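Summary of the model geometry
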Amino acid sequence: GALRAGLINAQTTQGAGSCLAPIGGKTFCNSGQNNYGSVDLVKALQESVDTYFYLVGEKANGVNGDGHAIQDAARALGLGSHPGIDLPGGGSAGIVPDNVWVDRANAQIKAAQCNGHPTAAFRLACSQGYYYPPWTVGQNIGLATGQGYLEASPLQMAVAYSAIFNGGKVWAPRIATAILSPSGQLVQQLPAPSYHKVTIDPAYQALIMDGLHAAAQSPGGTSDAVFGNFPRTVYGKTGTAVRTGQADQSWYVAYAPDAKRPIVVAVTIEQGGYGAAAAAPAARL
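We now turn to the structure provided with this report. (Residues numbered from 1 in each chain as written. Predicted model: local features only at pLDDT ≥ 70, side-chain atom pairs only at ≥ 80, totals over all residues. Heavy atoms only, no water.)

1. A look at the state of the cysteines
As enumerated under the stated definition, the model contains two disulfides in all. Across the disulfide from Cys19 sits Cys29; the S-S distance is 2.0 Å. Across the S-S bond linking Cys19 and Cys29, the dihedral sits near 100°, which makes this disulfide right-handed. Of the two residues, Cys19 is situated in the segment before helix H1 (41–47) and Cys29 in the segment before H1; the sequence distance between them amounts to ten residues. Judged by relative accessible area, which is 22%, Cys19 ranks as partly exposed. Between the sulfur atoms of Cys114 and its disulfide partner Cys126 the distance amounts to 2.0 Å. Between Cys114 and Cys126, the disulfide has an S-S torsion of -85° and is therefore left-handed. (Disulfide = S-S within 2.5 Å. Helix = DSSP H or I, 4+ residues; strand = E, 2+ residues; numbered from the N terminus. Buried < 20%, exposed > 50% of the residue type's maximum accessible area, 1.4 Å probe, protein only.)

Quick look at the structure:
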């Protein structure tokens, strides 16, 4: 999204220091307050340099908080909507937040909870006029590393990553191709998997894939200790979701190319810690 919006390019280097200068009264730091120096996009993906992406989130927020470069890219890749799997409900839609989403969510809560006598859980929200704090640049900075109000399922992440790898096909996942009788006769042929196409600049795709491959199988990559000696080419990204009152949630998405059966694996493990600690080893298995 940042590449498409012209906020960064292949030569952009940024993110030096263990933390950014305070923005809106809040300090945003790398995990463990590590200082990776000023890096480009490939290196930022390889080493998970939060400060690089925080600056992307700041730029992408726009002058008045109405910049949606990150949100537009996420939604194009299937986040924030039902993935359409052939199960009741089609899979969770999740949330891709922005200023419009916050305003709409607050209006819905006000209409549902603030007429008459609100319950204790919503009493403060009704008195101050909002449940979700108004959108700020800090919200967009957090979104750039997948924090804040963002909600996504492993299925959605697998679909999104597969679209990056396959050049823009956002698939509606299928778990079944046909219904057979007990004797093996065809009862019903089910609809073939479908997709919608999004435009991904090949140059942007190459940059991102370089970073994901380096993250998995180059020294210094966040999951090189897990996949560095793996006997197949792997592109992968660790993720660590911060959850209030719980240990960190571990995430990993991996792609292994193959001429006949390429595969994407998405794993999340609640309270599993860093992505390389639990989800990446599970993805390797």
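2. What about the nonpolar core?
Side chains of a nonpolar character, in soluble globular proteins, are inclined to be buried together. In this structure, Ile8, Leu41, Ala44, Tyr52, Phe53 and Val56 are the most contacted members of the largest nonpolar core, which totals 16 residues. The set of elements that each furnish at least two residues to this core consists of H1, helix H2 (50–60) and helix H3 (69–76). Those residues in contact with Ala44 that sit more than four places away from it in its chain are Val39, Val49, Tyr52 and Phe53. In terms of nonpolar packing, the next biggest core, distinct from the first, is built from 13 residues, Leu79, Met157, Leu212 and Tyr255 among them. (Core = buried A, V, L, I, M, F, W, Y, C linked by side-chain atoms within 4.5 Å. Contact = heavy atoms within 4.5 Å.)

3. A few points about the packing of aromatic side chains
Going through the model one piece at a time under the given rule, you end up with 14 aromatic pairs. Note on Trp101 and Tyr132: the rings are 5.0 Å apart at their centroids and 55° apart in plane angle, and the pair reads as tilted. Of this pair, Trp101 sits in helix H4 (residues 99–113) while Tyr132 sits in the loop between helix H5 (120–128) and helix H6 (137–143), placing them 31 residues apart in sequence. With a relative accessible area of 21%, Tyr132 lands in the partly exposed category. Centroid distance Tyr131 to Tyr132: 5.0 Å. Interplanar angle 85°. Geometry classified as edge-to-face. Of the residues examined, Tyr131 reaches a relative accessible area of 39% and is grouped as partly exposed. Each residue in the set Trp101, Phe122, Tyr131, Tyr132 and Tyr149 is aromatic and connected to the rest through ring pairs, giving one cluster. Against the face of Phe28 rests Lys26, its NZ or CZ located 5.5 Å from the ring centre. (Phe/Tyr/Trp six-rings, centres within 6.5 Å; stacked < 30°, edge-to-face > 60°. Lys NZ or Arg CZ within 6 Å of the ring centre and 35° of its normal.)

4. Comments concerning the environment of Ala216
With respect to the helices and strands, the residue Ala216 is situated in helix H8 (residues 202–217). Classification of Ala216 by relative accessible area gives buried; the value is 0%. Excluding residues within four positions of it along the chain, Ala216 makes contact with Ser223, Asp224, Phe227, Gly228, Val234, Tyr235, Gly236 and Tyr252.

5. Thoughts on the environment of Val159
Position of Val159 among the secondary structure elements: in helix H7 (residues 154–166). On the basis of relative accessibility, which here comes to 8%, the residue Val159 falls in the buried class. Sequence-wise, Val159 and Leu77 are 82 residues apart; in three dimensions their C-alpha atoms are separated by 7.4 Å.

6. Things to note about the sheet that holds strand S5 (residues 235–241)
If you walk across this open sheet you meet the three strands as S5-S6-S7, and the pairing is antiparallel. With partners counted over all chains shown, the strands left at the sheet margins are S5 and strand S7 (263–269), one partner each. On average, each strand axis in the sheet is tilted by 10° relative to the strand beside it, whichever way the strands run. Relative to S7, strand S6 (residues 249–256) runs antiparallel, the two sharing seven bridges. Residue Tyr255 lies in a different strand from S7, and its bridge partner there is Val264. Packing of H8 onto the sheet brings it into contact with S5 and S6, and relative to S5 it is tilted by some 80°. (Pairing = 2+ DSSP bridges. Axes fitted to C-alpha atoms, helices over the stretch in contact; angles between N-to-C directions.)

7. A word on the pairing of S6
Across the eight residues that make up S6, a large majority, eight, are buried. Alignment of S5 against S6, held across seven bridges, turns out to be antiparallel. In the strand pairing of S6, Tyr235 is matched with Tyr255. Hairpin connection between S6 and S7: a loop of six residues separates the two successive antiparallel strands.

8. Some remarks on H3
All of the buried residues along H3 are Ala69, Ile70, Gln71, Ala73 and Ala74. In this structure, the buried side of H3 is in contact with H2 and H6. With its phi angle positive at about 105°, Gly78 sits one or two positions after the end of H3.

9. Here we look at the pattern of salt bridges
Per the stated rule, a full pass over the model turns up four salt bridges. As a salt-bridge pair, Arg75 and Asp98 come within 3.0 Å of each other at their nearest N and O atoms. Note that Arg75 is positioned in helix H3 and Asp98 in the loop between H3 and H4, a separation of 23 residues in sequence. The exposure class assigned to Arg75 is partly exposed, which follows from its relative accessible area of 33%. Taking the shortest distance from any N to any O, the salt bridge between Asp258 and Arg232 comes out at 3.1 Å. Of this pair, Asp258 sits in the loop between S6 and S7 while Arg232 sits in the loop between helix H9 (224–227) and S5, and the two are 26 residues apart along the sequence. Overall, the relative accessible area of 33% leaves Asp258 in the partly exposed class. (Salt bridge = Lys/Arg side-chain N within 4 Å of Asp/Glu carboxyl O.)

Purely geometric numbers; function is a separate question.
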